[in-house]
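Letter by letter, the chains look like this.
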Amino acid sequence: MRRRLTALALCSVVISAAACSGDAVPAPPPPPPMHPVPGAPGAGDPYYPEDGNGGYDALDYHVDASYDPASGRLDGDTTVTAKATQDLSRFDLDLRGLDVASVEIDGQPVKFSREKTFELVVTPSAPIRGGTTFHTRVRYGGDPAKTPHNGGSDNGWQHSADGGAYMVGEPHSAAYWYPVNETPRDKATFTLTTHVPDGWTVISNGRELPPVHAGGRTTTTWTETNPVASYLTTVAIDRFSVDRSTLPDGTPVVSAYAPGAEDHRATGDRLPEVLAFLSSKFGPYPQSAAGGIYLNEDIHFSLETQTRPTYAKWAELLTLVHENAHQWFGDSVSVADWSDTCLNECFASYAQWLWGEREGQNLDDRYRAAIELTRGSTDFWSRKLVGMGSGHEFEGVYDKGILALHALRRKIGDPAFDRLLHEWPARYRHANATWTAFESLARSISGQDLQAFFADWFHGTSLPADADLYPGSLRS
């Protein structure tokens with residue numbers, strides 16, 4: 001029913017009875033005064049104090065990149081959506097090498113400069129109020145393979161043997177090819193749109209949209225809707241052969257094999273089996289997609305790039321187990337500081353032992369044999385698993401870390417250990433966590449005082465005391 005309103009009633013609906021009676025409508029209070037200061041040029045990791053930046057929280061990256069394999073040139077157009085965590089007079093993004101052509105904030109050109117090795121300093125036309133969401137667009141270009149890198153796992157942008165390119169690295173990766181807040185503390189969603197000559201295929205994180213072919217070029221978009229630490233984003237460009245399928249729950253699986261890496265299909269085809277096993281140990285698969293990028297490159301590491309690990313040419317089944325265990329430990333639950341990298345690598349490495357147990361191995365026997373083999377090695381036992389010092393993050397976590405976790409399992413018993421492996425990735429799903437929080441959870445679940453055990457195994461630099469070296473069934 002539609003009813004005609006009287007003038008007074010209409011007035012009260014439209015502008016309030018107070019205004020109709022002649023009373024003034026109070027104006028909204030003015031915003032509080034701003035106190036803009038520059039965002040910090042580092043995120044605060046004590047091992048890498050210049051990595052990342054302060055003053056804002058990155059929410060999303062949309063990278064649009066054109067790549068020419070013949071010349072090696074990359075032309076990028078990246079938009080960073082972020083929320084200011086303070087009143088900002090200026091802020092930094094991390095970008096290594098490459099030439100910046102322009103920077104805009106919310107569509108308006110702004111000033112920028114380059115400082116130190118990889119700081120892109122952005123100065124807005126007016127200060128950005130804390131709590132405001134803003135969009136920074138950076139256009140840039142160059143040959144990213146010419147940017148110097150530190151070697152080791154800081155791999156930089158690389159040309160593949162047949163003329164393509166790939167990008168993997170830890171702890172530094174993303175800043176070699178797009179502007180970023182390069183710290184695992186600031187996870188964000190990620191979309192990559194690429195344009196390459198027909199005949200080349202681009203593989204990245206998350207789910208793909210159907211490619212578009214026009215004018216001799218192929219445009220492909222990949223979107224990862226779960227937050228991702230920037231070193232876990234990736235791009236690989238090659239003449240891939242690509243296999244597509246789904247897991248039983250409908251999760252899309254995309255695995256790409258570079259020329260010469262097709263023999264890895266026998267391993268790649270076992271991914272559903274591996275993920276089902278890992279899910280039985282750690283809880284439901286936490287990512288939006290799955291698969292792998294199989295390179296024909298002799299790099300010395302494979303990397304757990306989110307949803308779709310990147311494999312070196314030597315990778316085998318246990319590598320597949322390791323990198324996919326990272327989808328829980330390291331990718332979904334990420335470190336806040338690199339001093340806690342055991343939260344990533346110790347658990348992914350122990351997953352290889354769990355797979356061996358599935359295949360019939362006696363892990364207690366394997367443990368005892370390893371202890372006898374290393375008992376007299378000062379170098380082996382001197383490597384700390386937590387708080388190991390800058391540059392030493394990846395020294396003990398792959399071997400001593402396995403023994404430490406098996407000892408913890410025997411210390412607290414299988415029921416508590418199984419609950420710990422499930423509850424940790426569930427509690428901190430798609431977030432960051434610390435080793436201190438892990439120790440606290442282990443004590444809570446087990447009901448035991450584990451202070452001496454953790455001090456011996458994870459913080460210590462010598463062979464643990466016998467009570468911690470041979471707990472539980474390891475005593476026999």
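Structure shown above.
Residues numbered from 1 in each chain as written. Predicted model: local features only at pLDDT ≥ 70, side-chain atom pairs only at ≥ 80, totals over all residues. Heavy atoms only, no water.

Colleague: Help me understand the overall build of the chain, please; the structure alone is not making it clear to me.
Modeller: For the chain, the helix and strand inventory stands at 13 helices and 23 strands. By principal-axis analysis of the C-alpha atoms, the chain measures approximately 90 × 60 × 55 Å. Looking at the chain as a whole, 54% of its 476 residues are labelled buried. Sequence-distant contacts in the chain: of pairs separated by 6 or more residues, those separated by 24 or more amount to 68%. With an accessible surface of roughly 19,600 Å², the chain has 54% of that area assigned to carbon and sulfur atoms. A distance of 6 Å separates the average location of the 40 positive side-chain charges in the chain from that of its 60 negative side-chain charges. (Helix = DSSP H or I, 4+ residues; strand = E, 2+ residues; numbered from the N terminus. Buried < 20%, exposed > 50% of the residue type's maximum accessible area, 1.4 Å probe, protein only. Contact = heavy atoms within 4.5 Å. Areas by Shrake-Rupley, 256 points an atom, 1.4 Å probe, with all protein chains shown as cover. Lys, Arg positive; Asp, Glu negative; His and termini not counted. Charge placed at Lys NZ, Arg CZ, Asp CG, Glu CD.)

Colleague: Explain the nonpolar core to me, please; I cannot follow it from the model alone.
Modeller: Grouped burial of nonpolar side chains is what soluble globular proteins tend to show. Counting residues in hydrophobic clusters, the biggest one holds 70 residues, and the most contacted among them are Tyr367, Leu408, Trp424, Trp457 and Phe458. No other element matches helix α6 (residues 342-358), which puts 10 residues into this core. The residues contacting Tyr367, other than those within four sequence positions of it, are Trp353, Leu403, His406, Ala407, Trp457, Leu469, Tyr470 and Leu474. Counting residues in each nonpolar core, the second largest holds 50 residues, with Tyr48, Tyr140, Trp177 and Met388 among its members. (Core = buried A, V, L, I, M, F, W, Y, C linked by side-chain atoms within 4.5 Å.)

Colleague: Would you explain the pairing of strand β18 (residues 241-246) in this entry?
Modeller: Examined bridge by bridge, β18 and strand β19 (residues 252-257) share six bridges and lie antiparallel to one another. The residue of β19 that forms the bridge with Val242 is Ala256. In sequence, β18 turns back onto β19 through a hairpin of five residues, with Gly250 there showing a positive phi of about 95°. (Pairing = 2+ DSSP bridges.)

Colleague: I'm lost on the sheet that holds strand β11 (residues 165-167) in this one. Help?
Modeller: Neighbouring strands of a sheet are bound in pairs by backbone hydrogen bonds; such pairs are parallel or else antiparallel. Read across the open sheet, the four strands follow the order β10-β11-β17-β13; overall the sheet is antiparallel. Both edges of this open sheet fall to β10 (157-159) and β13 (201-203), since each of them pairs with a single strand only. Taken pair by pair, the neighbouring strands of this sheet meet at an average axis angle of 20°, ignoring direction. Pairing of β13 with strand β17 (residues 235-238) involves three bridges; the strand directions are antiparallel. In the sheet register, Val202 faces β17, and the bridge partner there is Ile237. (Axes fitted to C-alpha atoms, helices over the stretch in contact; angles between N-to-C directions.)

Colleague: Just to check I follow, could you spell out the state of the cysteines for this structure?
Modeller: In protein structure, a disulfide is the covalent linkage between the sulfur atoms of two cysteines. Scanning all chains against the criterion turns up one disulfide. Here Cys342 engages in a disulfide with Cys346; their sulfurs sit 2.1 Å apart. Where Cys342 bonds to Cys346 through sulfur, the torsion about that S-S bond is close to -110°, and the disulfide is left-handed. Linking Cys342 with Cys346, this pair stays in helix α6, spanning four residues, or about one helical turn. For the pair Cys342 and Cys346, a shared accessibility class is recorded, and that class is buried. (Disulfide = S-S within 2.5 Å.)

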